[in-house]
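# Coordinate analysis (summary)
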Amino acid sequence: SQTIHQWPATLVQPVGSPLSLECTVEGTSNPNLYWYRQAAGRGLQLLFYSVGIGQISSEVPQNLSASRPQDRQFILSSKKLLLSDSGFYLCAWSLARGGAETQYFGPGTRLLVL
Amino acid sequence: AQSVTQPDIHITVSEGASLELRCNYSYGATPYLFWYVQSPGQGLQLLLKYFSGDTLVQGIKGFEAEFKRSQSSFNLRKPSVHWSDAAEYFCAVGEVGYALNFGKGTSLLVTP
């Protein structure tokens, strides 16, 4: 069966510091991968998605970036965090093989920027 | 423009009472429809999905949803709510080849 991992679970970082959040998927090949942010009291905002190694699409311009160095690894990064980057970050995967995409979510990383 | 609307931000129901959470969408074609649940501090768990066929879909934890094309709705229902159902519920809509479009969520509070 497939599993998705995210780490760290919780992170407290000062403004201006770098960020690296990691997401890995097990039990499947060539998944589509997604990064979402969920701010307090809001819905999910799609940040990035990837359909393959090195292929990243950005949905929202911001100081965040994403990379996919391996098939089942998706990394969210920032060179300098802003206060507004605080939130709950969710990674998700799906397999779109000519059908609709059912997305499966990881446990999330709570980021607090101070 | 494509959109997903969950009209109720918060809903409070008594334990044992029935529940209906609303979801409306605006899409050009028949979309694929999903309901997810999120417990505090957790990721999203898929409750059920509709792709085609029977418009009444059964999901996990005793939930069901009905697709009504004429009303562009996909409402989530449960006949008897348990305290453990308190959570955030998200409706999502998608088309082949596109990422899902999520509603803003409905927060469910269950009272004794």
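Nothing here was measured: the structure is a model prediction, and the numbers come from that model.

Calculation criteria
Residues numbered from 1 in each chain as written. Chains lettered and ligands numbered in written order. Predicted model: local features only at pLDDT ≥ 70, side-chain atom pairs only at ≥ 80, totals over all residues. Heavy atoms only, no water. Phe/Tyr/Trp six-rings, centres within 6.5 Å; stacked < 30°, edge-to-face > 60°. Helix = DSSP H or I, 4+ residues; strand = E, 2+ residues; numbered from the N terminus. Buried < 20%, exposed > 50% of the residue type's maximum accessible area, 1.4 Å probe, protein only. Contact = heavy atoms within 4.5 Å. Buried area = accessible area lost by both parts, 1.4 Å probe. Salt bridge = Lys/Arg side-chain N within 4 Å of Asp/Glu carboxyl O. Polar contact = N/O pair within 3.5 Å; in protein donor to acceptor, adjacent residues only side chain to side chain.

## What to know about the packing of aromatic side chains
- Per the counting criterion, the structure on display carries 17 aromatic pairs over all chains.
- Consider the rings of B:F34 and B:F51, whose centres lie 5.7 Å apart with planes at 75 degrees: the pair is edge-to-face. Of this pair, B:F34 sits in strand β5 (residues 32–38) while B:F51 is found in the loop between β6 (44–50) and β7 (56–58), placing the two residues 17 residues apart along the sequence.
- Taking relative accessible area as the criterion, B:F34 reaches 0% and is therefore assigned buried.
- Each ring, one from B:Y50 and one from B:F74, has its centre 6.4 Å from the other, and the planes form 45 degrees; the classification is tilted. With a gap of 24 residues between them, B:Y50 in strand β6 and B:F74 in strand β9 (residues 73–78) connect regions that are remote in the sequence.
- The exposure class assigned to B:Y50 is buried, which follows from its relative accessible area of 5%.
- Of the aromatic side chains, those joined through ring pairs into one cluster are A:Y34, A:Y36, A:Y49, A:F105, B:Y32, B:F34, B:Y36, B:F51 and B:F102.

## Describing the interface of chain B and chain A
- With 20 residues of chain B at the contact, the number on the chain A side is 20 residues.
- Among the residues chain B hides against chain A, the three largest losses belong to B:L44, B:A99 and B:F102. Together they make up 28% of the total.
- At the surface where chain B touches chain A, the tally comes to zero salt bridges.
- At the boundary of chain B with chain A, the tally comes to three residue pairs in polar contact (both at pLDDT 80 or more).
- Elements with a contribution of two residues or more to the side of chain B that touches chain A: β5 and β6 of chain B.
- Counting residues per element, the side of chain B that touches chain A draws most heavily on β5(B), at four residues.

Geometric values such as these leave the question of function open.
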